[in-house]
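Listed below, chain by chain, are the residues.
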Amino acid sequence: MEINKICVLGAGVMGHGIAQVCAQAGYQVNLRDIRDELVESGIGKIRQFLAGSVERQKMSQMEADNILGRIRGMTDLAEAVRDVDLVIEAIVEDINVKKDVFRELDRLCREDTIFASNTSAQSITEMAMATKRPQKFIGMHWFNPPQLMRGIEVIVHDRTSRETLETMVELCKKLGREPGVCKDSPGFIVNRLLQIWYNEGLNMFDEGVAEPRDIDTALKAAYSFRMGPFELRDMVGLDVALASTSTHYRELMREQFKPPRCLIMKVKAGELGRKTERGFYEYQPRGG
Amino acid sequence: MSITTVCIIGNGDMGLRLQELLSKGDFRIMTSRLEEDYAEQASSADLVLEVAPEEMALKMEVLKDCDTRCRKETVLATTTANSWVTKLAAATGRPEKVIGLNFTKNPFEEKYLVQIVKGLQTSDDTVQASKEFLEKAGVSVARLEETPGFILDRVIASVVNEAAVMYSAKLATIEDIDRMMKVCVNWPMGPFEFADSIGIDRIVETLDSLSQQLGPKYLPCFLLRKMVHAGWLGKKTGRGFYNYAK
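Given the structure is predicted, the values throughout are model-derived calculations rather than measurements.

*Asks:* Provide a residue-level description of the sheet that holds strand E4 (residues 75-78) of chain B, including the pertinent values.
*Replies:* All names here are of chain B. Read from one edge to the other, the open sheet built from seven strands follows the order E2-E1-E3-E4-E5-E6-E7, with strand pairing classed as mixed. Looking at which strands have only one partner, the edges of the open sheet turn out to be strand E2 (28-32) and strand E7 (140-145). Going across the sheet, the axis of each strand differs from the next one's by a mean of 25°, ignoring polarity. The strands touched by helix H3 (residues 56-69) within the sheet are strand E1 (5-9), strand E3 (47-50) and E4, with E4 carrying the most contacts at an inclination of about 170°. Contacts from helix H5 (residues 124-136) reach E1, E3, E4, strand E5 (98-105), strand E6 (112-118) and E7, with the element oriented near 170° to E6.

*Asks:* Describe the pattern of salt bridges, and please don't skip the residues or the numbers.
*Replies:* Residues and elements named next belong to chain A. Under the criterion given, the structure shown has 39 salt bridges over all chains. Measuring nitrogen to oxygen at the nearest pair gives 2.8 Å for the salt bridge that ties Glu 37 to Arg 35. With a closest N to O distance of 2.5 Å, Lys 98 and Glu 89 form a salt bridge. A relative accessible area of 1% means that Lys 98 is categorised as buried. What emerges from the salt-bridge pattern is a single network uniting Asp 83, Asp 85, Arg 110 and Asp 112.

*Asks:* Can you explain the sheet that holds strand E1 (residues 5-9) of chain A? Please cite residues and give values.
*Replies:* Residue and element names in this part refer to chain A. What the eight strands build is an open sheet, ordered E3-E2-E1-E4-E5-E6-E7-E8; its pairing is mixed. Each edge of the sheet is formed by a strand with only one pairing partner; in this case those strands are strand E3 (71-74) and strand E8 (178-183). The average angle at which neighbouring strand axes cross in this sheet is 25°, direction not considered. Relative to strand E2 (residues 28-32), E1 is paired through five bridges, and the arrangement is parallel. Looking at the pairing, Cys 7 lines up with Asn 30 of E2. Contacts from helix H2 (residues 36-55) reach E2 and E3 within the one sheet, and its direction differs from that of E3 by about 155°.

*Asks:* Give a description of the packing of helix H8 (residues 190-206) of chain A against helix H9 (residues 212-223) of chain A that names residues and reports values.
*Replies:* Residue and element names in this part refer to chain A. Contact geometry of H8 with H9 gives a least axis separation of 9 Å together with a crossing angle of 140°. In terms of their interaxial angle, H8 and H9 are classed as oblique. Crossing of H8 over H9 shows right-handed handedness. Taken together, the residues of H9 that come into contact with H8 (itself represented by Trp 197, Gly 201, Met 204 and Phe 205) are Pro 212, Ile 215 and Leu 219. When the residues that make up the contact of H8 with H9 are grouped by side-chain class, the tally is six nonpolar, one polar and no charged.

Rules used throughout
- Residues numbered from 1 in each chain as written.
- Chains lettered and ligands numbered in written order.
- Predicted model: local features only at pLDDT ≥ 70, side-chain atom pairs only at ≥ 80, totals over all residues.
- Heavy atoms only, no water.
- Pairing = 2+ DSSP bridges.
- Helix = DSSP H or I, 4+ residues; strand = E, 2+ residues; numbered from the N terminus.
- Axes fitted to C-alpha atoms, helices over the stretch in contact; angles between N-to-C directions.
- Contact = heavy atoms within 4.5 Å.
- Salt bridge = Lys/Arg side-chain N within 4 Å of Asp/Glu carboxyl O.
- Buried < 20%, exposed > 50% of the residue type's maximum accessible area, 1.4 Å probe, protein only.
- Parallel < 35°, antiparallel > 145°, perpendicular 65-115°, else oblique.
- Left-handed = near helix turned anticlockwise from the far one by under 90°.
- Nonpolar A, V, L, I, M, F, W, Y, C, P; charged D, E, K, R; others polar.

So, in structure tokens, the structure goes:
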């Protein structure tokens, strides 16, 4: 199936970035959020990003204008999804809110419109089965920031049709992105393997085998990982890290995903990483 | 204690590469073949670095021999990649002076990481002197208490094991799993590429050793064991997760 017009739901960090990438590839995009100021903020960030690209001579002013011209911001859901070939959902990570939205989309959209969710943590199967078009339902997991990250996980569930999958893989390529196909399962490919990598580093610290600095140094110096597990955890935030590990542990029900004790204790102590200036490492106050 | 004179015993590829690497520091370096008489060189060294083939008996013999020939303050270092440091140390009369220095060449850049492995009886002074010596030679170091797989093999083997579980369950292809880790989170290699270059046999050995020490969550995925049975050990045999025989 050919995709011409896309609706992106949610103009937050992921949503506005996704809308920008789609518009840059020549697609007409409706960017929808629930309030005007959210839509305006998202479009403002796209404008800012494009202005930066023009300044660095990565694109001409005319190209930037054309890209912005292909994006229409709106708050009315029915108008936003009318006549689109694909809806990419990038709203709040709450399964019930998402299911409600997809049920409503089911009523508002054409029968052949594909639904894609950008979730990183919710079940594609569960959302798909809340609609009357499970064969047209697929996961499209982008990475932050969408404008710069080249990989997209394409998530199929048992009833996703081959045509829907092929359309999505083709779309990713047209967007200049590299798709990787994965069956619906907790953490998909990337987050699941990252959890193991993080946990194994943190477990060694828990066991008294080595200090964070030594573990991070080992992985960076020997294999050119850009950051070590402790540095990355501190950057993302240890509360976010603990929530993510706990979700994997609960859903995959395997010991490998059990939250390490050092992570639990840091969160209890309120030492959440860079944002509190102290996590596994200490940081200088920002601007101080 | 400061290390200025080093004796490398074992002149295989690794011995020669280490000589070249360490020559960047301001040290006196002597290299000796295993079968040569290295008594004189060893007796003048502050640190003896054993680079014998990876066989426990052979390494133990070299270290015991050095123990009788070296001054009593000389550090005896083993390059073993296995958790033998405590055991090798105990075979000498100076266990507090015995340490593991395991060198890993970065496959992408011209640099090394040395895992400084502290055995149960290794003294803090020995760790500190080894660390200072290696830093003078300009190599990165990571200190650890002796543990199966050390830091690197332990982390990588655990990731490979989970990736093998995912591939066995047909959640995704080998190529897609590797590609996603590289393009989505900038990993230098995907898990299956790591596995093929480290060797599937080595991954399974590490996991077996980890599961023995730390519990069943490290038990190797059966696919990995079958690959060892089939002789699919990675790049070195032309077949691992990928086929290299072309």
